[in-house]
Amino acid sequence: MTREEVLDDLRRKFKDDIIEVFDKSPKRVYVEIKPDSIVQVASYIFKDLKARFNTASGVDLRYHMEILYHFLIEDINLLISLRVKLQKQKLEIDSISPIFEGSSWIEREIHEILGINFKGHKDLRKLLLPDDWPEGVYPLRRDYKEWDKNVIRDRGV
Amino acid sequence: MEKTIIPIGPYHPLQEEPELFLLTVEGEKVVDIDVHIGYNHRGIEKLSETKTFDQSTFLIERICGICSTSHPFAYTRAVEDIIPIEVPERAKYIRTIIAEGERIHSHLLWLGLAGHFLGYNTVYMWAWKLREEILDVMEILTGNRNNYAMFKPGGVRRDIKSEDIPVVIKKIDSIVPTLEMLKKAVIDDPVCMLGRKE
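Reading the values: the criteria
- Residues numbered from 1 in each chain as written.
- Chains lettered and ligands numbered in written order.
- Predicted model: local features only at pLDDT ≥ 70, side-chain atom pairs only at ≥ 80, totals over all residues.
- Buried ≥ 20, exposed ≤ 12 C-beta atoms within 10 Å, placed from the backbone.
- Helix = DSSP H or I, 4+ residues; strand = E, 2+ residues; numbered from the N terminus.
- Pairing = 2+ DSSP bridges.
- Axes fitted to C-alpha atoms, helices over the stretch in contact; angles between N-to-C directions.
- Contact = placed C-beta atoms within 7 Å.
- Domains from an automatic or database assignment.
- Expected span 1.5 Å × (residues − 1).
- Bend = angle between axes of the 7 residues up to and from the residue.
- Nonpolar A, V, L, I, M, F, W, Y, C, P; charged D, E, K, R; others polar.
- Arc of directions from axis to C-beta.

**Section: the pairing of strand 1 (residues 3-8) of chain B**
Residues and elements named next belong to chain B.
Then, in step 1: Within strand 1, only zero of the six residues are buried, which leaves the element largely exposed.
Then, in step 2: One ladder, built from six bridges, connects strand 1 with strand 2 (residues 20-26); its direction is antiparallel. Looking at the pairing, Ile5 lines up with Thr24 of strand 2.

Here is the structure:
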């Protein structure tokens with residue numbers, strides 16, 4: 001499949017799930033989808049389009065949070081980034097780790113660092129932060145204050 | 001059969017960095033593994049939030065000690081993409097030269113280590129001897145054997161001097177015959193190949 005065919009295929013198959021397709025450059029496309037349809041779209045890209053799951057990245061954008069799932073289709077050298085916007089009141093999304101095991105650690109990391117709940121993930125323990133890190137303190141959120149004396153005291157530093 | 005958990009780490013003479021492997025074994029067979037890798041988390045992402053684009057380059061260069069070009073390369077490209085800045089032709093060439101130098105030394109490093117882990121220390125000695133030549137080249141070009149600090153959003157921080165170029169070419173040419181010899185010796189080695197069979 002060529003680049004255009006892949007994009008047309010995605011647009012046709014998931015026309016209700018896709019909110020926006022942003023054609024960044026010849027090598028990169030951002031596809032914004034609804035949070036509820038992540039499992040469906042991700043497994044289609046992974047299984048049918050034979051893409052490789054590179055990684056995911058989570059960003060706190062002050063008014064909402066964003067997760068980007070990066071897939072690479074090696075034959076045509078195209079990087080598809082699935083963009084999902086999550087409202088701050090409802091920070092949860094279906095885990096894609098049942099489809100491919102490779103996403104399980106990055107979901108653990110996003111969970112501990114941004115506080116996003118991945119539904120259906122088997123093992124959401126801490127990955128990088130220490131085990132005695134306080135509950136509900138998420139270091140890469142915009143409202144995290146490391147100079148807050150209470151937080152430091154509670155952490156026992 | 002009864003399950004036993006064998007912890008390896010976080011501090012173990014076999015490991016180069018602190019990490020904990022909890023192996024679940026049934027007799028001789030490893031049936032499960034639990035890996036803890038957070039002991040050396042340095043929080044570079046968090047630290048970068050307090051720095052400017054120019055300052056972050058140096059921090060990002062230190063994500064990995066061996067591949068100290070790939071991360072700043074990706075980072076500066078990202079910054080140039082969002083601003084956006086056009087990079088001069090000469091800077092692109094210099095970046096490519098640095099990245100290629102790093103690629104060569106990095107490949108020689110893993111080749112040497114692979115030999116070392118196989119117990120084939122001749123490969124280790126030869127590969128790392130050749131890598132030393134490349135590190136000398138990098139020192140001539142950038143002033144550093146590692147962490148070259150050549151990248152900057154919008155270009156490079158140092159020029160390559162014309163008088164250095166013949167020395168660099170001579171040094172790189174000098175490793176080619178030795179590398180060919182090493183390649184042949186390793187691929188043709190019956191003992192090494194026998195060990196790799198199923």
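**A word on the sheet that holds strand 1 of chain B**
Residue and element names in this part refer to chain B.
Then, in step 1: The strand order across the open sheet formed by three strands is 1-2-3, and the pairing between neighbours is antiparallel. A single partner strand is all that each edge strand has here, and the edge strands are strand 1 and strand 3 (29-36). Taken pair by pair, the neighbouring strands of this sheet meet at an average axis angle of 20 degrees, ignoring direction.
Then, in step 2: Bridging between strand 2 and strand 3 involves seven bridges; their strand directions are antiparallel. Pairing of Phe21 across the sheet is with Val35, part of strand 3.

**Some thoughts on the sheet that holds strand 4 (residues 64-73) of chain A**
Residue and element names in this part refer to chain A.
Then, in step 1: What the five strands build is an open sheet, ordered 1-2-5-4-3; its pairing is mixed. In the strand order of this sheet, the two ends are held by strand 1 (18-25) and strand 3 (52-60), each with one partner. This sheet shows a mean twist of 20 degrees between the axes of neighbouring strands, independent of strand direction.
Then, in step 2: Taken together, the six bridges between strand 1 and strand 2 (residues 28-33) define a ladder with antiparallel strand orientation. Its bridge partner being in strand 2, Asp23 is matched across the sheet by Val29.
Then, in step 3: Along the sheet face, helix 1 (residues 3-13) touches strand 1, strand 2, strand 4 and strand 5 (78-87) and points at about 165 degrees away from the line of strand 1.
Then, in step 4: Relative to the sheet, helix 2 (residues 38-48) contacts strand 2, strand 3, strand 4 and strand 5, its axis offset from that of strand 5 by approximately 170 degrees.

**Topic: the domain arrangement of chain B**
A common way to express how large an interface is: the accessible area buried when the components associate.
Then, in step 1: Partitioning chain B into domains gives domain 1 (3-40) and domain 2 (44-192).
Then, in step 2: Computed from C-alpha coordinates alone, the two centres of domain 1 of chain B and domain 2 of chain B are separated by 32 Å.

**Focus: helix 6 (residues 165-187) of chain B**
All names here are of chain B.
Then, in step 1: Look at helix 6: 33 Å from first C-alpha to last across 23 residues, which is about the 33 Å you get at 1.5 Å a residue.
Then, in step 2: The sharpest bend along helix 6 reaches about 25 degrees and sits at Pro177.
Then, in step 3: Of all 23 residues that make up helix 6, one are buried, and the element is exposed over most of its length.

**Concerning the interface of chain A and chain B**
Then, in step 1: In this assembly, seven residues from chain A lie in contact with four residues from chain B.
Then, in step 2: Here the side of chain A that touches chain B is composed, by residue class, of six nonpolar, no polar and one charged.

**Details of helix 2 (residues 53-61) of chain B**
All names here are of chain B.
Then, in step 1: Among the residues of helix 2, Ser56, Thr57, Ile60 and Glu61 are the ones counted as buried. Mapping the buried residues of helix 2 onto a view down its axis gives an arc of 135 degrees, with all of them on the same face.
Then, in step 2: The elements touched by buried residues of helix 2 are helix 1 (44-48), helix 3 (70-82) and strand 4 (151-152).

**Some words on the pairing of strand 4 of chain A**
Residue and element names in this part refer to chain A.
Then, in step 1: In the sheet, strand 3 pairs with strand 4 via eight bridges, with the strands oriented antiparallel. Looking at strand 4, one finds that Asp60 is bridged to Met65.
Then, in step 2: Linkage of strand 3 to strand 4, two consecutive antiparallel strands, is achieved through a turn of three residues, within which Arg62 is found at a positive phi near 70 degrees.
Then, in step 3: Where strand 4 and strand 5 come together, 10 bridges link them in antiparallel fashion. When the bridges of strand 5 are listed, Ile73 appears paired with Leu78.

**Some details on unusual backbone geometry**
Then, in step 1: Following B:Gly9, the chain continues to B:Pro10 via a peptide bond in cis, the omega torsion being 0 degrees.
Then, in step 2: In this fold, B:Pro10 is placed in the loop between strand 1 and strand 2.
Then, in step 3: Even without a glycine there, the phi angle at A:Arg62 is positive, about 70 degrees.
Then, in step 4: Mapped onto the fold, A:Arg62 is located in the loop between strand 3 and strand 4.
Then, in step 5: Backbone geometry at A:Asn77 places phi at a positive 55 degrees, although glycine is not the residue there.
Then, in step 6: In this fold, A:Asn77 is placed in the loop between strand 4 and strand 5.

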